[in-house]
Amino acid sequence: MDPDIADYLGFHLQLLSPRPLVEWLPVLADFVAAEIVPRISPAARDAVALHRSKEHRLAIITVTHSFLSSAIGELFGVPVIAPRAEVRGGHLSGRIEGALCFREKKLTCLSIWMESEGLGDEAIGERYFYSDSANDLSLLEAVSHPVTVNPDSRLAVLAQHRGWPMLRWRCA
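Cut-off values and rules
- Residues numbered from 1 in each chain as written.
- Predicted model: local features only at pLDDT ≥ 70, side-chain atom pairs only at ≥ 80, totals over all residues.
- Heavy atoms only, no water.
- Helix = DSSP H or I, 4+ residues; strand = E, 2+ residues; numbered from the N terminus.
- Contact = heavy atoms within 4.5 Å.
- Pairing = 2+ DSSP bridges.
- Buried < 20%, exposed > 50% of the residue type's maximum accessible area, 1.4 Å probe, protein only.
- Disulfide = S-S within 2.5 Å.
- Core = buried A, V, L, I, M, F, W, Y, C linked by side-chain atoms within 4.5 Å.
- Polar contact = N/O pair within 3.5 Å; in protein donor to acceptor, adjacent residues only side chain to side chain.
- Salt bridge = Lys/Arg side-chain N within 4 Å of Asp/Glu carboxyl O.

### Re the environment of Trp113
Residue position: Trp113 is located in helix H5 (residues 105-116). Considered as a pair, Trp113 and Ala142 are 29 residues apart in the sequence and their alpha carbons are 16 Å apart. Setting aside anything within four residues of it in sequence, one finds Trp113 in contact with Arg57, Leu58, Ala59, Pro79, Ile81 and Leu119.

Here's what the structure looks like:
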């Protein structure tokens, strides 16, 4: 059975709601520095640098709520397309605002973001997309350059069958 992603995200955010958001920001910064940065492989950094050198438009598209994913986007200096954590009265409310960026809805969220950036819906297919999850199959199928990175078992089988690159990005 699939989890209700809105409930799942809400559960995480609800745990943070008693304290003001301003109190969580240093905790978030410490968490990103201690837990996320060491897990970003040199190969991932190289891939971002390569796309930048080719002047590709970069973005992270994720189901991870914006409270965490935006901090990760800041590490790379790229925008993040993600479910927005609602803030009310200076606290995370435990709810998501707007669309959930999950499975097939990632295409919709990407289109909305592209339009907001003045890109319209131009050539979504002429894009690279990196994923580790079969949940992203619709977006992988929509682009001209699907790339799997440390794919889950279902995605690994699909990638092998379709001839998609399967990268292994591990930290040193």
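### Observations regarding the sheet that holds strand E6 (residues 145-149)
The strand order across the open sheet formed by 3 strands is E5-E6-E7, and the pairing between neighbours is parallel. Pairing within the sheet leaves two strands with one partner each, and these edge strands are strand E5 (128-131) and strand E7 (166-167). Examined bridge by bridge, E5 and E6 share 4 bridges and lie parallel to one another. Residue pairing across strands places Tyr128 opposite His145, the latter belonging to E6.

### Remarks on helix H4 (residues 66-76)
Along an α-helix, residues three or four apart share an orientation, since each turn contains 3.6 residues. Those residues of H4 that fall on the buried side of the exposure criterion are Ser66, Phe67, Leu68, Ser69, Ala71, Gly73 and Phe76. Gly77 sits one or two residues past H4 and shows a positive phi near 70°.

### Remarks on the state of the cysteines
This model, assessed by the stated rule, comprises 0 disulfides. Residue Cys101 stays outside any disulfide, its sulfur separated by 3.9 Å from that of Cys109, the closest cysteine.

### Considering the nonpolar core
Judged by nonpolar contacts, the single largest core of 24 residues is most densely connected at Ile5, Leu9, Leu13, Leu28, Val32, Phe67 and Leu92. For this core, the secondary structure elements donating two or more residues are helix H1 (5-16), helix H2 (21-36), helix H3 (42-53), H4 and strand E4 (91-97). Looking at which element gives the most residues to this core, the answer is H2, with 5 residues.

### Re the pairing of E4
Two elements, strand E3 (residues 84-88) and E4, share 4 bridges in a ladder whose sense is antiparallel. Bridge pairing in E4 places Ala85 opposite Ile96.

### What about the side chain of Ser131?
The residue Ser131 is located in strand E5 in this model. Only 3.1 Å separates the side chain of Ser131 from the backbone nitrogen of Ser133, close enough to count as a polar contact.

### Remarks on the pattern of salt bridges
Summed over the entire model, instances satisfying the criterion amount to 7 salt bridges. Salt-bridge contacts for Glu35 lead to Arg39; the nearest nitrogen and oxygen are separated by 3.2 Å. On the accessibility criterion, Arg39 (59% relative accessible area) is exposed. Ionic pairing is found between Glu117 and Arg57, a salt bridge with its closest N-O pair at 2.4 Å. With a gap of 60 residues between them, Glu117 in the loop between H5 and E5 and Arg57 in the loop between H3 and strand E1 (60-61) connect regions that are remote in the sequence. Of the residues examined, Glu117 reaches a relative accessible area of 38% and is grouped as partly exposed.

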